[in-house]
Amino acid sequence: MRKTFIALASMALLVLACSSGDAPVELGAESGISEGERIYRMNCTLCHGTDGKLGFNGAKDLTKSTLTKEEMIARVREGKGTMLPYKNMLSAKDIEAVVAHVRSLPKTK
Ligand code: HEC
């Protein structure tokens, strides 16, 4: 009897552990967007637009940016003008991911 209980309890734990561990990954895969794009949509589209060209509030057209990857990371970390610094809101990994997304936006000449 006691053994059955322990077996059941550990099975329940296993199920719990699996479902909580897998859920976010599945969500990301289902929506079909990268981590960088997700962060971009949550934080940057307001001023830069989904395609990077919106230019709200004097924001630069990101597809025309001549900044290097390192300069972009610095710009996102420190902010400039009306753009907020993101270093306290996003982790270094998040900033790297969002900059990679910005750099992957289709360029306009
Ligand atoms: C409140 C509006 C606003 C938000 C939100 C915002 N930006 Fe900006 N961004 C600006 C403005 C304004 C500039 C131009 C600053 C300047 O050079 O004076 C800018 C400039 C930039 C530049 C430099 C472009 C260049 O070539 O000089 C990058 C890169 C950038 N933003 C990325 C981002 C990313 C990534 C996010 C989201 C994490 C973001 N921005 C969120 C307003 C915003």
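Structure: see above.
So, a few notes on the structure that sits alongside this text.

What counts and what doesn't
- Residues numbered from 1 in each chain as written.
- Predicted model: local features only at pLDDT ≥ 70, side-chain atom pairs only at ≥ 80, totals over all residues.
- Heavy atoms only, no water.
- Near = heavy atom within 4 Å.
- Polar contact = N/O pair within 3.5 Å; in protein donor to acceptor, adjacent residues only side chain to side chain.
- 1 Å grid on protein atoms, 1.4 Å probe; cavity = no way out; pocket = protein on both sides within 12 Å on 5 of 7 lines; lining within 4 Å.
- Sits in = over half its atoms within 2 Å of the grid points.
- Helix = DSSP H or I, 4+ residues; strand = E, 2+ residues; numbered from the N terminus.
- Contact = heavy atoms within 4.5 Å.
- Donors = N, O, S within 2.8 Å, 3.2 Å for Na, K, Ca; no water.
- Tetrahedral: all angles 85-135°; square planar, octahedral: opposite > 155°, others 65-115°.
- Buried < 20%, exposed > 50% of the residue type's maximum accessible area, 1.4 Å probe, protein only.

**Some words on the site of the ligand**
Around the ligand, a shell composed of 20 residues is seen, among which Cys44, Cys47, His48, Ser65 and Met83 lie nearest. The contact in question runs from an oxygen atom of the ligand to an N or O atom on the side chain of Arg75, over 3.5 Å. When atom positions are compared with the pocket grids, the ligand is found to occupy the largest pocket. Looking at the shell around the ligand, the elements with two or more residues in it are helix 3 (45–48), helix 4 (69–78) and helix 5 (92–104). For the shell around the ligand, the element with the highest residue contribution is helix 4, accounting for three residues.

**Some details on the environment of Leu90**
Checked against the element boundaries, Leu90 lands in the loop between helix 4 and helix 5. In this structure, the C-alpha to C-alpha distance between Leu90 and Val76, residues 14 residues apart in sequence, is 9.4 Å. For Leu90, the residues in contact, after removing those within four places along its chain, are Ile39, Asn43 and Ile95.

**A closer look at the coordination of the iron atom of the ligand**
At 1.9 to 2.1 Å from the iron atom of the ligand lie its protein donor atoms, namely His48 (NE2) and Met83 (SD). Viewed at the metal, the six donor atoms of the iron atom of the ligand are separated by angles of 87 to 179°, and the geometry they form is octahedral. Here His48 is found in helix 3, whereas its partner Met83 is found in the loop between helix 4 and helix 5, with 35 residues between them in sequence. The exposure class assigned to His48 is buried, which follows from its relative accessible area of 9%.

Coordinates in, geometry out; function isn't part of it.
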